[in-house]
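Okay, here's what each chain looks like letter by letter:
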Amino acid sequence: NVSQLSQQQGPQPPFQPQKHYGITSAISLAPPREIDNQYTKKLCDAMKPFGVFEDEEELNHRLAVLGKLNNFVKEWISEISELKNLPPSAISCVGGKIFTFGSYRLGVHTKGADIDALCVAPRHVERSDFFQSFFEKFKQHEEIKDLRAVEDAFVPVIKFKFDGIEIDLLFARLALQSIPDNLDLRGDSILRNLDIRCIRSLNGCRVTDEILYLVPNKENFRLTLRAIKLWAKRRGIYSNMLGFLGGVSWAMLVARTCQLYPNAVAATLVHKFFLVFSKWEWPNPVLLKQPEDSNLNLPVWDPRVNPSDRYHLMPIITPAYPQQNSTYNVSTSTRTIMSEEFKYGLSVTDEILQGKAEWSKLFEPPNFFQKYKHYIVLTASASTEENHLEWIGLVESKIRVLVGNLERNEYITLAHVNPQSFPGSKENRNENDFVSMWFIGIIFKKVENAESVNIDLTYDIQSFTDTVYRQANNINMLKDGMKIEATHVKKKQLHQYLPPELVQKKKRVSRLPLHVQTNASVHCFSGDEEPNPASSPQEEPNGLEDPVNGASVKRPHSPTQEDLAKRHKETEVRRTRRCCV
C-alpha cells in the first residue's frame, strides 16, 4: 500500500506541502540536502551548452510578439463583430484571447523553439472566419512571414513566423457571448455545445494547465523536465510520430515523479525519474489524477469499455477531460528501447550522485550506427525542394507502419528507427534529386540448428511503400519524381550512405550464414544478432542492455557504503513498483 510508505520516512519536514498530489501518496517527503542543491547547480551548468535556456532578451521578445498577436486577435474579432451587426455596446466588450500551450506554456522551451498558441473567440465568430478573414488580414501584416493554413488537418492550424518567431495557431469558438481576459479553460463545462475540432484545439491548453496544477513545485518540475527532454533528444527517443514519446508524454512522466517526491530538487528528481520508470510495470497506466466523468459523452481512454485501449503498450493518460492516451503510437520495439534507456539512465545517474561521473555523461548520444549488424535504409526523394519537403513529411508520418511490419516478421526481434534523417549521399542519388534517408536497426532472432536461413523482407517493405503511395494519391500529393525505396544493408556497408565520422568499423565474429531478401535479391550475412553489447568493452553502452547488471562484482565480507546505498535503493524500488498498480 503506497499510502503507508510515507509513514516509514520519519518525521515530516516543517514545510511539507499540505496538498495531496497524484493518485497515491508520496514515496518520500525528504527535503533536499545541501549536496542535492550542488548537484542541481551542476546539472544546470551541464545543460547550458545545449541551448536549453533562453536569455532575458529572447524571452522578452517572445512576450512582445505574443502581446502583439493578442491585440491583433482582439482587433480582428471586433471587426468581425461589426460586420455581423452586433450592437456597439456588445462589440466594445466582445474580447478574444491568445492562450499558449506546449513547451512554452510549461516554461521549458529552448532557444529558437516555436510557440503553440490558441485563438479563443466568442460564439458568433465561425471557424471559416478564422481561416478566411483572419488569414487575409494577417497576410497584410508586415511582420508576418511564411504564412500557411492547414484547414483539413486533424487539428486545423495556421502556421507563420511573427517577427522571426515560429507560431502554430489553433482556433476554438466557445459558446460564450464574450471572451474575458481572465478566462480559465480548465473547467469541463467550457466544452459544452462545442464541435469536435474546437474540443481538440482546446485540449492542448487544458492538458498543459492541468499538468502545471498537479505538480507540487513548478520550478523543480520545469528544470527536471528540461533535463529529461534534453536526455531523450540526445538518446534518440524523442518522437511521438515515430513511436517514441513526444513533449507532453515526457512532461507527464516528470510530473508523476514530482508527485512521488514532492520536496525533491531537480538533480534528485532526474535520478528518481529513472528509478521509477526503469521499474514501472507496463502496461499499467501513468495517471496524474483519477479520471473523472463529466457526462459530456466524449470518448475517453478506458480499457474496461474500449477493447482497442487494452492493446496500448505504454499508456500515459492526459489529466484533462476527455482523457486520452498520449502514447498510442508506441510499439513493442520502441517500448523495449525506451525501457532499456531508462535502465541506462538510472545507472548513469547512480554514478553521478556517487561522484563517479559528471552530468555531461547523461547527455552523451549513443552510436546508433555501431549498435546493430543490419539496417534498413529508407530513402525518400523528389525532384524539387518544395515537393521534397511535402513528401518527407508524409513518409516520416508512415515510418511506424514499416516498423510494425518488420516487428510482425517471425525472424525479427527488434526494429529500431533513428528519429534523425540524413541527406542522401551523392553516390546514392541522381544529381538533381532532393533526398532524405532514415535508418532502421534490425535484430534478427537466433536460428537454432540451421546452416543457413532465407529471410524475405520483400512483402514487409512493399506493403509499406504501397501504403505511402496510396495515401499520397488519396490526398493528391503524388507528383512526378516522388520516390521511396527501402534497402537492407550490413553495418560494414553504411559508409556508402553516411559520412565516415558516423561509421566506425569493428571486428565481426563469423556466425551461421543468413540470407535476407528485400527486392528479389538475396543478401547473405552472419547469423544470430547482436551479442549483448555490455559484454563487448569497445562498444559504447547503448541502452539495449542493462548496464547495472553488466558485470559481476565480488562482495566483501562486511557491507561498504555502496552496499548500504544499494540496499536502500532496493527498498525504494519495491515501493516504486507499488506505484504502478
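Residues numbered from 1 in each chain as written. Predicted model: local features only at pLDDT ≥ 70, side-chain atom pairs only at ≥ 80, totals over all residues. Heavy atoms only, no water.

Under an unreviewed UniProt entry, the name given to the protein chain is Poly(A) polymerase, and the organism recorded is Gasterosteus aculeatus aculeatus.

Draft legend 1. Layout of the pairing of strand S3 (residues 144-150). Relative to strand S4 (residues 157-162), S3 runs antiparallel, the two sharing 5 bridges. By the bridge assignment, Lys-145 is partnered in S4 with Lys-161. Following S3, the chain reverses through 6 residues before pairing antiparallel with S4. (Pairing = 2+ DSSP bridges. Helix = DSSP H or I, 4+ residues; strand = E, 2+ residues; numbered from the N terminus.)

Draft legend 2. Just helix H7 (residues 218-234), in detail. Counted at 1.5 Å a residue, the expected span for H7 with its 17 residues is 24 Å, and the 24 Å between its end C-alpha atoms agrees. Judged by how many residues are buried, H7 sits mostly within the fold: 13 of 17 residues are covered. With a side-chain oxygen lying 3.1 Å from the backbone nitrogen of Glu-219, the N-terminal cap of H7 falls on Asn-217. Backbone geometry just after H7 places Gly-236 at a positive phi near 75°. (Expected span 1.5 Å × (residues − 1). Buried < 20%, exposed > 50% of the residue type's maximum accessible area, 1.4 Å probe, protein only. Polar contact = N/O pair within 3.5 Å; in protein donor to acceptor, adjacent residues only side chain to side chain.)

Draft legend 3. Highlighting the nonpolar core. Phe-221, Trp-231, Trp-250, Leu-253, Phe-273, Trp-391 and Phe-439 are the most contacted members of the largest nonpolar core, which has 110 residues in total. Counting residues per element, this core draws most heavily on helix H9 (residues 266-278), at 9 residues. Not counting residues within four places of it along the chain, the set of residues in contact with Phe-439 comprises Phe-368, Phe-369, Ile-376, Val-377, His-416, Val-417, Asn-418, Phe-422, Leu-494, Tyr-497 and Leu-498. By size, the runner-up hydrophobic cluster in this structure holds 29 residues, among which are Val-73, Ala-121, Phe-160 and Ile-167. (Core = buried A, V, L, I, M, F, W, Y, C linked by side-chain atoms within 4.5 Å. Contact = heavy atoms within 4.5 Å.)

Draft legend 4. Fine view of the UniProt feature "binding site: Mg(2+) 2" (unreviewed entry) in the protein chain. Here, UniProt's "binding site: Mg(2+) 2" (unreviewed entry) annotation points to Asp-114, Asp-116 and Asp-168. The named residues occupy 55 residues along the chain; their greatest pairwise C-alpha distance, 7.5 Å, places them in one compact cluster. Residue contacts for Asp-114: discarding those within four places in its chain leaves Arg-62, Glu-166 and Asp-168. Within the fold, Asp-116 resides in strand S2 (residues 115-121). When neighbours within four sequence positions are excluded, Asp-116 is seen to be in contact with Phe-99, Thr-100, Phe-101, Gly-102 and Asp-168. (UniProt positions renumbered as here; feature names shortened; annotations may be inferred.)

Draft legend 5. Up close: the pattern of salt bridges. What the rule picks out here adds up to 22 salt bridges. Between Glu-219 and Arg-222 there is a salt bridge, with its nearest N and O atoms 2.9 Å apart. Taken together, the positions of Glu-219 and Arg-222, both in helix H7 and 3 residues apart, correspond to about one turn of that helix. Taking the shortest distance from any N to any O, the salt bridge between Arg-304 and Asp-302 comes out at 3.0 Å. Connected via shared salt-bridge partners are Lys-41, Asp-45 and Lys-48. (Salt bridge = Lys/Arg side-chain N within 4 Å of Asp/Glu carboxyl O.)

Draft legend 6. Here's a closer look at the packing of aromatic side chains. Overall, the coordinates contain 34 aromatic pairs when judged by the stated rule. Seen from their ring centres, Phe-277 and Trp-282 are 6.4 Å apart, and the 20° between their planes marks the pair as stacked. Side by side, Phe-277 and Trp-282 carry an identical accessibility label, which is buried. Measuring from centroid to centroid gives 5.2 Å for Phe-368 and Phe-369, while their planes differ by 90°, and the two rings are edge-to-face. Judged by its relative accessible area of 3%, Phe-369 is buried. Counting every residue linked through ring pairs, the aromatic cluster contains Phe-72, Trp-76, Phe-130, Phe-131, Phe-134, Phe-138, Phe-160, Phe-162 and Phe-171. Between Arg-186 and the ring centre of Tyr-213, over which it is positioned, the NZ or CZ distance is 3.9 Å. (Phe/Tyr/Trp six-rings, centres within 6.5 Å; stacked < 30°, edge-to-face > 60°. Lys NZ or Arg CZ within 6 Å of the ring centre and 35° of its normal.)

Draft legend 7. Molecular detail of helix H12 (residues 385-407). Its 23 residues place the ends of H12 33 Å apart at the C-alpha level, agreeing with the 33 Å of an ideal helix rising 1.5 Å per residue. The largest bend in H12 amounts to roughly 35° and is located at Lys-398. (Bend = angle between axes of the 7 residues up to and from the residue.)

Draft legend 8. Quick look at the sheet that holds S3. Pairing in this open sheet of 5 strands is mixed, and the strands run S1-S2-S5-S4-S3 from one edge to the other. The sheet terminates laterally at strand S1 (97-101) and S3, the two strands that pair on one side only. With direction set aside, neighbouring strand axes in the sheet form an average angle of 25°. Judged from the 5 bridges that link them, S4 and strand S5 (residues 165-173) form a sheet pairing that is antiparallel. Following the sheet pairing, Phe-160 is matched in S5 by Ile-167. Packing against the sheet, helix H2 (residues 56-83) makes contact with S1, S2, S4 and S5, and its axis sits at approximately 140° to S1. (Axes fitted to C-alpha atoms, helices over the stretch in contact; angles between N-to-C directions.)

Draft legend 9. Broad picture of the environment of Arg-148. In this fold, Arg-148 is placed in strand S3. Taking the C-alpha atoms as reference, Arg-148 lies 6.5 Å from Phe-160; in sequence the two are 12 residues apart. If near-sequence neighbours (up to four positions away) are discounted, Arg-148 is found in contact with Phe-135, Val-157, Ile-158 and Lys-159. Reaching out from Arg-148, the side chain makes a polar contact with the backbone oxygen of Asp-146 at a distance of 2.9 Å.

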